[in-house]
Amino acid sequence: MNKEYKLAIVGATGLVGRTVLKVLEEEKLPISTYKLFASSKSAGTKIKFMGTDYIVNELTENSFDEHFDFAIFSAGGDTSKKFSPIASSKSCIVIDNSSAFRMDPSVPLVVPEVNSEKIKENKGIISNPNCSTIQAVVALKPLDDKYKIKRIVYSTYQAVSGAGKKGIDDLNNGLKGLSPTKFPYPIINNCLPHIDVFLDNGYTKEEEKMINETRKILGKPNLKVTATTVRVPVENSHSESINIEFENSFELDEVIETLKKSPGIIVQDDVMNNIYPLATNATGHNEVFVGRIRRDFSVENGINIWVVADNIRKGAAANAVQILEKLL
Ligand SMILES: NC(=O)c1ccc[n+]([C@@H]2O[C@H](COP(=O)([O-])OP(=O)(O)OC[C@H]3O[C@@H](n4cnc5c(N)ncnc54)[C@H](OP(=O)(O)O)[C@@H]3O)[C@@H](O)[C@H]2O)c1
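Computed from a predicted structure; not experimentally measured.

(A) View of the overall build of the protein. A count of helical and extended segments in the protein gives nine helices and 14 strands. Over its C-alpha atoms the protein spans a radius of gyration of 20 Å, differing by no more than 12% from the 20 Å that the globule rule assigns to 328 residues. Burial statistics for the protein: of 328 residues in total, 45% are counted as buried. Put simply, 66% of the contacts in the protein that link residues at least 6 apart link residues at least 24 apart.

Structure representation (structure tokens):
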């Protein structure tokens, strides 16, 4: 008889948590029991899931006294830091969407298309990378395998949903002329070169995350990477311009074919017909869209690409559910 698995979904009322529920409905995994958790604020809320009304429970230190095989956490770093170790100490494998454990050398940082082999090294917690990193490495990995990446320059155009429900509120309220509460300046008519907090070295934490997580996921600790991350007035799906320098020479046609054949990627690159990836088209999909693939004529072996993905799906919920699928 097949084992019946139990899954806890922590942060089930949030943007990512609700999308986790949506993706789980689509994927139909062999899980027999689900339990939804959030803070005391949302305890008692009803959420329709798998055709049933589920009651949201308050997450407490005793929540994992009941056995769960797996938990998907999407409730912020502080909640993960406090409750993930409690869950994993009770034989529950945690897939964590926060940044709490991503750079912990003992915690695998996984994008299934890139490094699913790391999943089996887990000691009870598996980290889901930052949304902007996930979509980038899906496109970079097949190119690194073939041409050996020497240097990466990231410039991102990130949607307000990347800042959770409050980010979307700032966009919608800003359209009505109201002041922002999440972002330091109005997001309407502005691009804010400021995601997460500023560090002493002048970079933001988001930029540092992209740099360090890329190195960890690609298994290249000394890779040259730099990043500028920007919040733009787009509701959902992050767009990224990525400049890549390779050690090896390449044919552009071959680069395009490689990307087309790689898992999780849809190439949209027909500029003569105005075909390139767009945020509005990526939203609702689990794939990473790649276009504007062209040679960088300023260096010997370089290209520029434009990479767009749904930051709540591939950037968080769908990636977490893909990891769960591999565990199952
Ligand atoms: N948005 C993205 O693009 C994205 C991408 C990748 C990763 N992430 C990460 O995913 C996590 C969730 O992000 P989000 O965008 O979904 O945020 P969100 O919309 O603000 O949702 C936050 C969720 O966390 C819950 N929560 C807060 N404090 C809690 C506590 N003490 N105990 C239990 N639950 C608690 C909230 O429950 P209540 O309803 O009770 O407040 C809500 O369900 C964050 O760690 C974020 O960094 C987000």
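(B) Structural context of the nonpolar core. Counting 88 residues, the largest nonpolar core has Ile 9, Val 10, Val 20, Ala 71, Ala 139, Val 290 and Val 307 as the members making the most contacts within it. Residue contributions to this core peak at nine residues, all from helix α4 (residues 131-147). Summarising the domain contributions, this core has at least three residues from each of domain 1 (5-129 + 316-327) and domain 2 (132-311). Look past the residues within four positions of Val 290 in its chain and what remains in contact with it is Ala 139, Leu 259, Ile 265, Val 267, Pro 277, Ile 305 and Val 307.

(C) Geometry of the sheet that holds strand β9 (residues 149-158). Reading across the sheet, the six strands line up as β10-β9-β11-β14-β13-β12 and stay open at both edges, with mixed pairing between neighbours. Two strands in the sheet have a free side with no partner beyond their single neighbour: β10 (224-231) and β12 (265-267). Averaged over neighbouring strand pairs, the angle between their axes works out to 25° when direction is ignored. Where β12 meets strand β13 (residues 288-296), three bridges bridge the pair, whose relative direction is parallel. Following the sheet pairing, Val 267 is matched in β13 by Val 290. Against the sheet, helix α6 (residues 205-218) touches β9 and β10, its axis set at about 140° to β10.

(D) Layout of the site of the ligand. Around the ligand lies a shell of 30 residues, among which Gly 14, Ser 39, Ser 42, Ala 75 and Gly 164 are the nearest. Where the shell around the ligand is concerned, the elements lending two or more residues are α1 (15-27), β2 (31-38), α2 (77-89) and α9 (313-327). Counting residues per element, the shell around the ligand draws most heavily on α1, at three residues. Of the residues belonging to the shell around the ligand, the class tally is 11 nonpolar, 17 polar and two charged. Here the shell around the ligand spans two domains, and each of domain 1 (5-129 + 316-327) and domain 2 (132-311) adds at least three residues to it.

(E) Structural context of the packing of α4 against helix α7 (residues 252-261). At a minimum axis distance of 9 Å, the contact between α4 and α7 shows a crossing angle of 125°. In terms of orientation, α4 lies oblique with respect to α7. Crossing geometry of α4 relative to α7 is assigned as right-handed. Mapping the contact onto sequence places Ala 139, Pro 142, Leu 143 and Lys 146 in α4 and Val 255, Thr 258 and Leu 259 in α7.

(F) Region of interest: the domain arrangement of the protein. What the domain assignment reports for the protein is domain 1 (5-129 + 316-327) and domain 2 (132-311). Counting from both sides, the interface comprises 14 residues of domain 1 and, opposite them, 17 residues of domain 2. Residue composition of the side of domain 1 that touches domain 2, grouped by class: eight nonpolar, four polar and two charged.

(G) How the structure looks around the packing of α4 against α6. Direction vectors running N to C along α4 and α6 enclose 35°, while the axes themselves pass 10 Å from each other. For the pair α4 and α6, the crossing hand works out as right-handed. The residues of α6 that touch α4, namely those facing Ser 132, Thr 133, Ala 136, Val 137, Leu 140, Lys 141 and Asp 144, are Glu 206, Lys 209, Met 210, Glu 213, Thr 214, Ile 217 and Leu 218. Each residue belonging to the contact of α4 with α6 can be placed in one class, and the counts come to six nonpolar, three polar and five charged.

(H) Structural detail: α4. Helix length check: α4 (17 residues) gives 25 Å between terminal C-alpha atoms against 24 Å at 1.5 Å per residue, within 8%. Bending of α4 peaks at approximately 35° at the position of Leu 140, with proline Pro 142 no more than four residues after it. The first or second residue beyond α4 is Lys 148, which carries a positive phi of 60°.

(I) Spatial organisation of the sheet that holds strand β5 (residues 57-58). If you trace the six strands from one edge of the open sheet to the other, you get β5-β2-β1-β6-β7-β8, paired in parallel fashion. Each end of this open sheet is capped by a strand with a single partner; those strands are β5 and β8 (125-127). Pairing geometry for strand β7 (residues 93-96) and β8, over three bridges, is parallel. The residue of β8 that forms the bridge with Ile 95 is Ile 126.

(J) Main features of α9. Of all the bends in α9, the greatest measures close to 35° and is centred on Asn 319. For α9, the tally of buried residues reaches 12 of 15 residues, placing the bulk of the element in the interior. By the burial criterion, the buried members of α9 are Arg 313, Lys 314, Gly 315, Ala 316, Ala 317, Ala 318, Asn 319, Ala 320, Val 321, Gln 322, Ile 323 and Leu 324.

Reading the values: rules and limits
Residues numbered from 1 in each chain as written. Predicted model: local features only at pLDDT ≥ 70, side-chain atom pairs only at ≥ 80, totals over all residues. Helix = DSSP H or I, 4+ residues; strand = E, 2+ residues; numbered from the N terminus. Rg over C-alpha atoms; globule rule 2.2 N^0.38 Å. Buried ≥ 20, exposed ≤ 12 C-beta atoms within 10 Å, placed from the backbone. Contact = placed C-beta atoms within 7 Å. Core = buried A, V, L, I, M, F, W, Y, C linked by C-beta atoms within 7 Å. Domains from an automatic or database assignment. Pairing = 2+ DSSP bridges. Axes fitted to C-alpha atoms, helices over the stretch in contact; angles between N-to-C directions. Near = placed C-beta within 6 Å. Nonpolar A, V, L, I, M, F, W, Y, C, P; charged D, E, K, R; others polar. Parallel < 35°, antiparallel > 145°, perpendicular 65-115°, else oblique. Left-handed = near helix turned anticlockwise from the far one by under 90°. Expected span 1.5 Å × (residues − 1). Bend = angle between axes of the 7 residues up to and from the residue.

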